[in-house]
Amino acid sequence: MKKTAVCPGSFDPITAGHLDIISRASKLFDQVVVLISVNAAKHTAFTLEERVALAQKATAHLENVRVESSDGLLVDYLRDLGDCVIVKGLRAVSDFEYEFQMALANKKLYDGAETIFLTTGAENMYLSSSLVKQIAQFGGDISGFVPDCILEEIKNRLVK
Ligand code: PNS
């Protein structure tokens, strides 16, 4: 098994579902890098710096987890890092096509890019950053949807 897991994503913002995958990966791998990346298809509500800061705060209790950012191709980051594997969470069948496409494209671009999927916790099946943003923007209760330590920050930033 490779020693470092890279968990890439937009993390706009990091959710309880993301944190569950990251903390489970931290038990399976020596090191975990949470890689805040650019998804060209998405307009983000939080800046890259804000997303990094939120992810750092949410993962501060996990000793072997670090947060980095990249504004380039994931495969370039992986190539530079060396011995590592991509770890992503899969919620439902609806995620599969999108994740499968990315995994295959990354593998085609760089043969060393292997992707491993962890099934999401049943309690997080419905959860996504987009859902969190929609609920928060209209003043809904997002406690339990995002890590407690960043709840107020996210609310303050998103509530209209
Ligand atoms: O959380 P997301 O938005 O579904 O994550 C997608 C992300 C950011 C992992 C993906 O868009 C990505 O890897 N972006 C970096 C640029 C890149 O390598 N794009 C090609 C992916 S096949």
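This write-up is about the structure you can find in this document. (Residues numbered from 1 in each chain as written. Predicted model: local features only at pLDDT ≥ 70, side-chain atom pairs only at ≥ 80, totals over all residues. Heavy atoms only, no water.)

**Overview of the environment of Ile 22**
Test applied: To qualify as a helix, a DSSP run of H or I must reach at least 4 residues; to qualify as a strand, a run of E must reach at least 2; elements of each kind are numbered from the N terminus. Buried, partly exposed and exposed residues are distinguished by accessible area as a fraction of the type maximum, computed with a 1.4 Å probe on protein chains only: under 20%, between the cut-offs, and over 50%, respectively. Two residues qualify as a contact provided that any one of their heavy atoms is within 4.5 Å of a heavy atom in the partner residue.
Relative to the helices and strands, Ile 22 is located in helix 1 (residues 16-28). A residue is classified by how much of its surface remains accessible, and Ile 22, at 1% relative accessible area, is buried. Along the backbone, Ile 22 and Gly 121 are 99 residues apart, and their C-alpha atoms lie at a distance of 12 Å. What Ile 22 contacts, discounting residues up to four positions off in sequence, is Cys 7, Phe 11, Ile 14, Val 32, Val 34, Thr 59, Leu 62 and Val 65.

**Comments concerning the packing of aromatic side chains**
Put simply, the rule reads: Only rings of Phe, Tyr and Trp enter the pairing, Trp through its six-membered ring, and a pair is recorded when the two centres are within 6.5 Å. The plane angle decides the type: under 30 degrees is stacked, over 60 is edge-to-face, the rest tilted. Two conditions define a charge sitting above a ring: the NZ of Lys or the CZ of Arg must be within 6 Å of the ring centre, and it must be within 35 degrees of the ring normal.
Applying the stated rule across the entire model yields two aromatic pairs. Where Phe 96 meets Phe 100, the ring centres are 5.0 Å apart and the plane angle is 25°; that geometry is what we call stacked. Here Phe 96 and its partner Phe 100 are both found in helix 4 (residues 93-109), four residues apart, which amounts to about one turn of the helix. Given the relative accessible area of 40%, Phe 96 is considered partly exposed. On the basis of an interplanar angle of 65° and a centroid distance of 5.7 Å, the ring pair of Tyr 126 and Phe 145 is categorised as edge-to-face. Here the residue Tyr 126 occupies a position in the loop between strand 5 (115-119) and helix 5 (129-137), and Phe 145 occupies one in the loop between helix 5 and helix 6 (151-158), the gap between them amounting to 19 residues. For Tyr 126, a relative accessible area of 45% corresponds to the partly exposed category. Its end group placed over the ring of Phe 46, Arg 157 keeps NZ or CZ at 5.1 Å from the ring centre.

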